[in-house]
Amino acid sequence: MIDLLALCAFHAAYADAIDSDALEQWPDFFAEDADYRITHIENEREGLPAGIVYADSRAMLEDRIAALREANIYERQRYRHILGMPLLLKSEGEQAEARTPFLVARIMASGQTEVFATGVYQDRFVRRDGRLLLQSRVAICDSTVTDTLLALPL
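Residues numbered from 1 in each chain as written. Predicted model: local features only at pLDDT ≥ 70, side-chain atom pairs only at ≥ 80, totals over all residues. Heavy atoms only, no water.

Caption draft 1: Molecular detail of the overall build of the protein chain. Helices and strands together make up the secondary structure of the protein chain, namely three helices and seven strands. Sequence-ordered secondary structure for the protein chain, helices as α and strands as β, is α-β-α-β-α-β-β-β-β-β. In summary, the protein chain has a C-alpha radius of gyration of 15 Å against a globular reference of 15 Å for 154 residues, a match within 12%. Taken along its principal axes, the extent of the C-alpha atoms in the protein chain is 45 × 30 × 25 Å. (Helix = DSSP H or I, 4+ residues; strand = E, 2+ residues; numbered from the N terminus. Rg over C-alpha atoms; globule rule 2.2 N^0.38 Å.)

Structure (structure tokens):
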């Protein structure tokens, strides 16, 4: 069974990988056939599948990180995630569903810091080979305004 402590430890490691610029580790938090989407609250309420970011496999997430490192040109920045306590909605055997609030601050190369995104992660977890992995993560942002500098994963 997947419990609240396991989810908290997972989230701490997930946020640390992004916040410490260990982005190559980020796809390892997902199952190979996982999906990841960033959207906003209105699209989610309307059931609109289109998102700001969409990937339907770990390989697509790996490609996204490779593009960030090698091809994309964007202003250098980093994030600091502040995560709320996960709300464990369902846990049966090796699967769980949870919703976790997030706040992401963006720190620019100049040192300017601002609240970049707030919202909730809507997650489905699986345990495979003893590891907790995301089968699905939808980052639902509270704002319908998307900053064009959304380069890093949320």
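Caption draft 2: Local environment of the pattern of salt bridges. Per the counting criterion, the structure on display carries nine salt bridges. With a shortest N-O distance of 2.5 Å, arginine 106 and glutamate 114 are connected by a salt bridge. Assessed through its relative accessible area of 4%, arginine 106 is described here as buried. Each of Asp21, Glu24 and Arg69 takes part in salt bridges that share partners, so that together they form one network. (Salt bridge = Lys/Arg side-chain N within 4 Å of Asp/Glu carboxyl O. Buried < 20%, exposed > 50% of the residue type's maximum accessible area, 1.4 Å probe, protein only.)

Caption draft 3: Spatial organisation of the packing of aromatic side chains. The tally for this structure, following the rule as stated, stands at 11 aromatic pairs. Ring plane angle 75° and centroid distance 5.3 Å describe the contact between tryptophan 26 and phenylalanine 30, whose orientation is recorded as edge-to-face. Each member of the pair, tryptophan 26 as well as phenylalanine 30, is classed as buried. Through successive ring pairs, a cluster of aromatic residues spans Phe10, Tyr14, Trp26, Phe29, Phe30, Tyr36, Phe102, Tyr121 and Phe125. The aromatic ring of tyrosine 14 is capped on one face by arginine 137, whose charged end is 4.3 Å from the ring centroid. Between arginine 137 and the ring centre of tyrosine 121, over which it is positioned, the NZ or CZ distance is 3.6 Å. (Phe/Tyr/Trp six-rings, centres within 6.5 Å; stacked < 30°, edge-to-face > 60°. Lys NZ or Arg CZ within 6 Å of the ring centre and 35° of its normal.)

Caption draft 4: Looking closely at a negative patch on the surface. A surface patch of negative charge is lined by Asp28, Glu32, Glu62 and Asp63. With respect to the helices, strands and loops of the structure, aspartate 63 is situated in helix H3 (residues 58–70). (Patch = residues over 30% accessible without salt bridge, like charges linked within 9 Å, V, L, I, M, F, W, Y side chains within 5 Å. Areas by Shrake-Rupley, 256 points an atom, 1.4 Å probe, with all protein chains shown as cover. Lys, Arg positive; Asp, Glu negative; His and termini not counted. Charge placed at Lys NZ, Arg CZ, Asp CG, Glu CD.)

Caption draft 5: Examining the environment of arginine 80 more closely. Checked against the element boundaries, arginine 80 lands in strand S3 (residues 77–83). A relative accessible area of 39% places arginine 80 in the partly exposed class. Expressed as a C-alpha distance, the spacing of arginine 80 and proline 27, which sit 53 residues apart in the sequence, is 18 Å. Once residues within four sequence positions are removed from consideration, arginine 80 is found in contact with Asp19, Leu103, Val104, Ala105 and Ile107. (Contact = heavy atoms within 4.5 Å.)

Caption draft 6: Seen up close, the environment of serine 91. By the secondary structure assignment, serine 91 is in strand S4 (residues 87–92). Once the C-alpha coordinates of serine 91 and leucine 4 are considered, the two residues, 87 residues apart in sequence, prove to be 9.6 Å apart. Look past the residues within four positions of serine 91 in its chain and what remains in contact with it is Met1, Ile2 and Ala96. In terms of polar contacts, serine 91 uses its side chain to reach the backbone carbonyl oxygen of isoleucine 2, at 2.6 Å. (Polar contact = N/O pair within 3.5 Å; in protein donor to acceptor, adjacent residues only side chain to side chain.)

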